[in-house]
Amino acid sequence: MSENKLSGLPKMDVLLARPELAECALPYALVRRAARQALEEARQALRSGALDRAPTAAEAAAWALALARAQARPGLRQVVNATGIVLHTNLGRAPLSPRAAQAVSRIAGGYCNVEYDLRTGSRGGRTARVEALLKDLTGAEGACVVNNNAAAVLLMLSVLTPGLGVAISRGELVEIGGSFRVPDIMARSGARLVEVGTTNKTRLSDYAAALDAGAAQALLKVHPSNFRVVGFTQAAELEELGELARQRRVPLLCDLGSGALAAGPFSGEPTVEEAVRQADVVCFSGDKLLGGPQAGILVGRAACLDRLKSDPLFRALRLDKLSLAALEGTLMDWRDGAPPPAAAMLGADGDRLRERAEALAARLAPLCPCEVMESPGQAGGGSMPGVSLPGWAAALTPAEELERFFREWATPIIGRIHRGRLLLDVRTLLPGDGDIITAALARWKEGRP
Ligand SMILES: *Cc1c(COP(=O)(O)O)cnc(C)c1O
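Residues numbered from 1 in each chain as written. Predicted model: local features only at pLDDT ≥ 70, side-chain atom pairs only at ≥ 80, totals over all residues. Heavy atoms only, no water.

Asks: For this particular structure, what's the right way to read the packing of aromatic side chains?
Replies: Each aromatic ring pair is specified by the distance between its two centres and by the angle formed by the two planes. In the structure shown here, the tally under the stated rule is three aromatic pairs. Ring pairing ties together the aromatic residues Phe405, Phe406 and Trp409, which thus form one cluster. Over the aromatic face of Trp392 sits the side chain of Arg354, whose NZ or CZ is 4.3 Å from the ring centroid. (Phe/Tyr/Trp six-rings, centres within 6.5 Å; stacked < 30°, edge-to-face > 60°. Lys NZ or Arg CZ within 6 Å of the ring centre and 35° of its normal.)

Pasting the structure below:
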């Protein structure tokens, strides 16, 4: 690498004096930082050989301006999810229903009665309304909400089983993602992990033996929500475990993970209603199959829930008012028989999806090579593993070029590349997304020679 290539780089003051930068309406500090970054990136590209000549002052200014504009925008942006993965954790899991989203925006910019009782004019309970909805929906005696389901598991074990041996199947010592591992969370809670059974087979008698030997004083069932063990397998059903727990008078706790309500289109998933009938406490996520905001929901026996709510840890893990507003809206949707968007997407009819893919492809076909392809969808977000949903996509070429163009578009559009085509799966598209995609593609076409 020759030093004279580096010396060809424009000087900082020359760069900042360029009209593109001097006359742009962005804050000076931001522009200066972007200019410094552009020069640094150019220097590294010259050193590594990625560039073979120094950029001109005009080129470097254009690059700095693009960086400055990107930094002036909020980092967290709306995107179009065209992956067909409904609860895509990288894309924010569940989209809120219009009712839930409106509830958030009404509360966000002003004051609200989060802890104020409008009937008595004095301090009120923070979550009474959400708890009442949860009890009605699940049939539980008691309910409470925390920041996410990982927090719910931590709270449940820390308050109800500290110092106790907790029997759990070796097949359920799972990692949920983001280094949330059941054995670690149990260690942190002060509960003692008592592994029973084997990876592929655990019988009811394995749990009974752990209780009889005095090793365990509580039972934990973790729904393996993000993987499926197939072949020579066996697990104790929640119903049998419930019977065992009642017989031996020990608590049964259940981390259900995705939290399917019976009213939803979630075939093969254990429902919250069933789990509540068997376990003392059941916890699940607010933003998986429930289709609401990030939250951890705990439902079960009133005496247990009261203990959870009076523990100092509960205060540390509490849900904020915006999520509370979104959760209330989501639960009202379920109550009114109008499941939120994620549930509707998961239950979408294959033929209807095909029609929607055909309609999208018809709009896009004048702009780029495009056809309709079958595209199996997934729940994602650690829900309904191994379940492939019949789905359809508009398939575009050139795949790589379009993938990048869409990702860098004003409202980024995220699809997936499959066999040389960019698939835009219609299952996860929301109202208005078709217009965003069409506008982006029209601009792409304009920019082509
Ligand atoms: C997803 C999941 C969690 C974590 O829930 P978050 O709401 O993401 O914190 C815990 N346990 C199980 C079984 C899960 O599937």
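Asks: Hey, could you run me through a negative patch on the surface in this one?
Replies: Residues Glu237, Glu239, Glu240, Glu243 and Glu274 make up a contiguous surface patch of negative charge. A per-element tally of the negative patch places helix H11 (residues 238-248) first, with three residues. (Patch = residues over 30% accessible without salt bridge, like charges linked within 9 Å, V, L, I, M, F, W, Y side chains within 5 Å. Areas by Shrake-Rupley, 256 points an atom, 1.4 Å probe, with all protein chains shown as cover. Salt bridge = Lys/Arg side-chain N within 4 Å of Asp/Glu carboxyl O. Lys, Arg positive; Asp, Glu negative; His and termini not counted. Charge placed at Lys NZ, Arg CZ, Asp CG, Glu CD. Helix = DSSP H or I, 4+ residues; strand = E, 2+ residues; numbered from the N terminus.)

Asks: When you look at helix H17 (residues 350-364) in this model, what are you seeing that I'm missing?
Replies: Every α-helix winds through 3.6 residues per turn, so residues three or four apart in the chain are directed the same way. With 15 residues, H17 extends 21 Å from end C-alpha to end C-alpha; this agrees with the ideal 21 Å at 1.5 Å per step. The inward-facing, buried residues of H17 contact strand S11 (370-374), strand S12 (392-396), strand S15 (421-425) and helix H19 (433-446). (Expected span 1.5 Å × (residues − 1). Contact = heavy atoms within 4.5 Å.)

Asks: Teacher, can you tell me more about the pattern of salt bridges here?
Replies: Side-chain pairing between opposite charges can occur once the charged atoms of the two side chains come close. Counted under the stated rule, the structure contains 24 salt bridges. Across the pair Arg18 and Glu20 runs a salt bridge, and its minimum N-O distance is 3.1 Å. By relative accessible area, which is 26% here, Glu20 ends up partly exposed. Note that Asp287 and Arg93 form a salt bridge whose closest N and O atoms lie 3.0 Å from each other. Here Asp287, found in the loop between strand S9 (281-285) and strand S10 (296-300), pairs with Arg93, found in the loop between strand S1 (80-81) and helix H6 (98-108); they are 194 residues apart in sequence, far enough to count as distant. (Buried < 20%, exposed > 50% of the residue type's maximum accessible area, 1.4 Å probe, protein only.)

Asks: In this structure, what is going on with the domain arrangement of the protein chain? I would like to understand it.
Replies: Note on interface size: it is often stated as the accessible area lost on association of the parts. Splitting the protein chain by domain gives domain 1 (3-72), domain 2 (80-89 + 345-446) and domain 3 (96-339). Using only C-alpha atoms to locate each centre, domain 1 and domain 2 end up separated by 36 Å. (Domains from an automatic or database assignment.)

Asks: Honestly, the pairing of S15 in this entry has me stumped. Any pointers?
Replies: A regular strand carries its side chains on alternate faces of the sheet. Counting buried positions over the five residues of S15 gives four, a clear majority of the element. For S12 and S15, the ladder comprises four bridges, and the chain directions are antiparallel. Across the sheet, Ala393 pairs through a bridge with Asp425, a residue of S15. Where strand S14 (residues 416-418) lies against S15, three bridges are found, and the strand directions are antiparallel. Counted as the bridge partner of Arg416 is Leu423 from S15. (Pairing = 2+ DSSP bridges.)

Asks: Got a minute to help me understand the environment of Pro339 in this structure?
Replies: Of note, Pro339 is situated in the loop between helix H15 (321-335) and helix H16 (341-346). Along the sequence, Pro339 and Pro312 sit 27 residues apart, while their C-alpha atoms lie 34 Å from each other.

Asks: Could you clarify how one ought to interpret the pairing of S9 in this entry?
Replies: Most of S9 is tucked away, with five of its five residues classed as buried. Burial of S9 is two-sided: the residues Val281, Cys283 and Ser285 facing one way and the residues Val282 and Phe284 facing the other way are all buried. In terms of strand pairing, strand S8 (residues 252-257) meets S9 through four bridges, oriented parallel. Pairing of Leu253 across the sheet is with Val281, part of S9. Since S8 and S9 lie parallel, the crossover through helix H12 (residues 272-278) that links them has a hand, and here it is right-handed. As judged from the five bridges shared by S9 and S10, these two strands associate in the antiparallel manner. When the sheet's bridge partners are listed, Val281 is paired in S10 with Gly300. (Right-handed = clockwise from strand over helix to strand, strands pointing away.)

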